[in-house]
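The residues making up each chain are set out below.
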Amino acid sequence: MDVVICRSYEELSKAAARVVADLVTHKPNAVLGFATGSSPVGLYKELARLHREEGLDFSKVTTFNLDEYVGLPADHPQSYRRFMNEHLFNHINVTVQNTHVPSGTATSPKAFCEGYEKQIRDAGGIDLQVLGIGSDGHIAFNEPGSSLGSRTRRVTLTEQTLDDNARFFKKKSDVPRHAISMGVGTILEARRLLMVVNGESKAPALAAAIEGPITSMITASALQLHPDAVVFVDDDAAAQLKMRDYYEWIQKQAKAGD
Ligand code: GLP
């Protein structure tokens, strides 16, 4: 796993956006996996800038998002579809029909989830999956105890996740208790994983995920099983990494062309 420690959130967002941009430049019909949450907002802002100012072309790109709240229609202010439209899709030239966010209102969630997996397969699989990390160490909405082989399914959110996400709703009881989430197994099939982590509140979860044992209790630890994962971390989130000097040493050598 590559761990890239950045001095600021802005630097982290630009570096992560560069990885996405390089892929789209070399493979214009790339299949991108996107995440919601505050962590990738800077990355999306930078992708929008690259489109606007440097002509980065998303017209042939296909996208799949990780998750959606059960019960929220696509146009709900807190739906993840709405989040993606507002933070990215409305600002780039992606074809709306090629953007996929799980439906939170499917009458048969099970059939929907199987169909979502099939859509990913039919698109040729995900080339690059963007991820954040929850304060309980989750990726997408794969809460502690989720099988590391899990597939897209309906999940129940933990109390901690409800607390963390209550800030986006009027009151905690408005936060949906369930979500549709890609599974850990689904995520691990992406050809490349790119995680963005910022802020001191994420420091314990990040350290557990990348330096602790691989465990379904911290589903982000599954990144350790992936042959091509890169994690962009800001200074605050890196605070509890035991191998921090080593990661910085590797980056220094990479910059020097070693
Ligand atoms: C939600 C999302 C995750 C995201 C996490 C962290 O739980 N399902 O994909 O990584 O929030 O969000 P934030 O980046 O706002 O801390």
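The rules behind these values
- All residue numbers refer to positions counted from 1 along the written sequence of the respective chain.
- In keeping with the predicted nature of the model, local features appear solely for residues at pLDDT of at least 70, side-chain atom pairs appear and are counted solely at 80 or more, and the whole-chain, interface and lining totals rest on all residues.
- The basis for every side-chain value is the complete set of heavy atoms in the structure, and neither hydrogens nor water enter the calculation.
- DSSP bridges decide pairing: two strands pair if at least two such bridges lie between them.
- Numbering of helices and strands runs from the N terminus; a helix is a DSSP stretch of H or I covering at least four residues, while a strand is a stretch of E covering at least two.
- Throughout, a residue-residue contact means that at least one pair of heavy atoms, one from each residue, lies within 4.5 Å.
- What counts as an axis is a line fitted to C-alpha atoms, over the stretch in contact for a helix, and the angles between N-to-C directions run from 0 to 180 degrees.
- Under this scheme an angle from 65 to 115 degrees is roughly perpendicular, one under 35 degrees roughly parallel, and one over 145 degrees roughly antiparallel; angles in between are oblique.
- By definition, any crossing whose near helix is turned counterclockwise from its far helix by less than a right angle is left-handed, and any crossing with a clockwise turn is right-handed.
- Polar here means any residue other than Ala, Val, Leu, Ile, Met, Phe, Trp, Tyr, Cys and Pro, which are nonpolar, and Asp, Glu, Lys and Arg, which are charged; Gly is therefore polar.
- By definition, a salt bridge exists where a carboxyl oxygen of Asp or Glu is found within 4 Å of a side-chain nitrogen of Lys or Arg.
- Contacts described as polar in this section are N or O atom pairs within 3.5 Å, which, within protein, must combine one atom able to donate a hydrogen with one able to accept it, while residues neighboring in sequence count only if both atoms come from side chains.
- The patches reported here contain residues having more than 30% relative accessible area and no salt bridge. Joining distances are 9 Å for like charges and 5 Å for nonpolar side chains (Val, Leu, Ile, Met, Phe, Trp, Tyr).
- The protein chains shown are the only cover counted for residues, whose accessible areas, like all others here, come from Shrake-Rupley with a 1.4 Å probe.
- Here, nonpolar core means buried Ala, Val, Leu, Ile, Met, Phe, Trp, Tyr and Cys residues that are tied together by side-chain atoms lying within 4.5 Å of each other.
- Only protein chains enter the accessibility calculation, which uses a 1.4 Å probe; a residue is then buried when its area is under 20% of its type maximum, exposed when over 50%, and partly exposed in between.
- The pocket and cavity definitions rest on a 1 Å grid over protein atoms only: a 1.4 Å probe that fits but cannot leave marks a cavity, an open set with protein on both sides within 12 Å along at least five of seven lines marks a pocket, and residues lining either have an atom within 4 Å of a point.
- Grid points are joined across faces, edges and corners, and a volume is the space filled by probe spheres set on the points.

Details of the sheet that holds strand E1 (residues 2–6)
Stage number 1. The seven strands lie next to each other as E1-E10-E9-E6-E2-E3-E5, forming an open sheet whose pairing is parallel. The open sheet has two free edges, formed respectively by E1 and strand E5 (99–100), since each of these has just one partner strand.
Stage number 2. Two elements, E1 and strand E10 (residues 229–234), share five bridges in a ladder whose sense is parallel. Note that in E10 the partner of Val-3 across the bridge is Val-231.
Stage number 3. Along the sheet face, helix H4 (residues 109–122) touches strand E3 (62–65) and E5 and points at about 150 degrees away from the line of E3.

Let's talk about the packing of helix H1 (residues 9–26) against helix H2 (residues 41–54)
Stage number 1. One way to put it is that H1 packs onto H2 with a least axis distance of 8 Å and a crossing angle of 60 degrees. One element, H1, and the other, H2, form an angle in the oblique class. Considering the relative orientation of H1 and H2, their crossing is right-handed. Contact residues: Tyr-9, Ser-13, Lys-14, Ala-16, Ala-17, Arg-18, Val-20 and Ala-21 in H1; Val-41, Gly-42, Leu-43, Glu-46, Leu-47, Leu-50 and Glu-54 in H2.
Stage number 2. For the contact of H1 with H2, the class distribution of residues is nine nonpolar, two polar and four charged.

Considering the pattern of salt bridges
Stage number 1. Following the criterion strictly, the structure yields 21 salt bridges and no others.
Stage number 2. Put simply, Arg-244 and Glu-248 hold a salt bridge, and the shortest N to O gap is 3.4 Å. Note that Arg-244 and Glu-248 are positioned in helix H8 (residues 244–255) at a spacing of four residues, about one turn of the helix.
Stage number 3. Salt bridges sharing common partners tie together Glu-46, Arg-49, Arg-52, Glu-53 and Glu-54.

Observations concerning the environment of Glu-189
Stage number 1. Topologically, Glu-189 is positioned in the loop between helix H6 (184–188) and strand E9 (192–197).
Stage number 2. Expressed as a C-alpha distance, the spacing of Glu-189 and Asp-127, which sit 62 residues apart in the sequence, is 9.1 Å.
Stage number 3. Discounting residues that sit within four places of it in the chain, Glu-189 has contacts with Ile-126 and Arg-151.
Stage number 4. A polar contact of 2.9 Å, which involves the side chain of Glu-189, links it to the side chain of Arg-151.

What to know about a nonpolar patch on the surface
Stage number 1. Nonpolar side chains collect at one region of the surface, where Met-243, Tyr-246, Trp-249 and Ile-250 lie side by side and expose about 410 Å² of accessible area between them.
Stage number 2. The residue Ile-250 is located in helix H8 in this model.

Observations concerning the nonpolar core
Stage number 1. Judged by nonpolar contacts, the single largest core of 65 residues is most densely connected at Leu-43, Tyr-44, Leu-47, Leu-194 and Phe-232.
Stage number 2. Top contributing element to this core by residue count: H1, with seven residues.

Remarks on the layout of surface pockets
Stage number 1. Empty space within the largest pocket amounts to approximately 620 Å³.
Stage number 2. Forming the boundary of the largest pocket are 33 residues, of which Thr-36, Gly-37, Ser-38, Asn-165 and Arg-167 lie nearest the centre.
Stage number 3. Only strand E4 (67–69), helix H3 (80–87) and helix H5 (159–165) provide two or more residues apiece to the lining of the largest pocket.
Stage number 4. Around the second largest pocket, the lining comprises 13 residues; the ones closest to its centre are Ile-5, Cys-6, Glu-11, Gln-251 and Lys-255.
Stage number 5. Breaking the lining of the second largest pocket down by element, the ones donating at least two residues are E1, H1 and H8.

Notes on the pairing of E10
Stage number 1. Across the six residues that make up E10, a large majority, six, are buried.
Stage number 2. Side-chain alternation along E10 places Ala-229, Val-231 and Val-233 on one buried face and Val-230, Phe-232 and Asp-234 on a second face that is also buried.
Stage number 3. Judged from the five bridges that link them, E9 and E10 form a sheet pairing that is parallel. In the sheet register, Leu-193 faces E10, and the bridge partner there is Ala-229.

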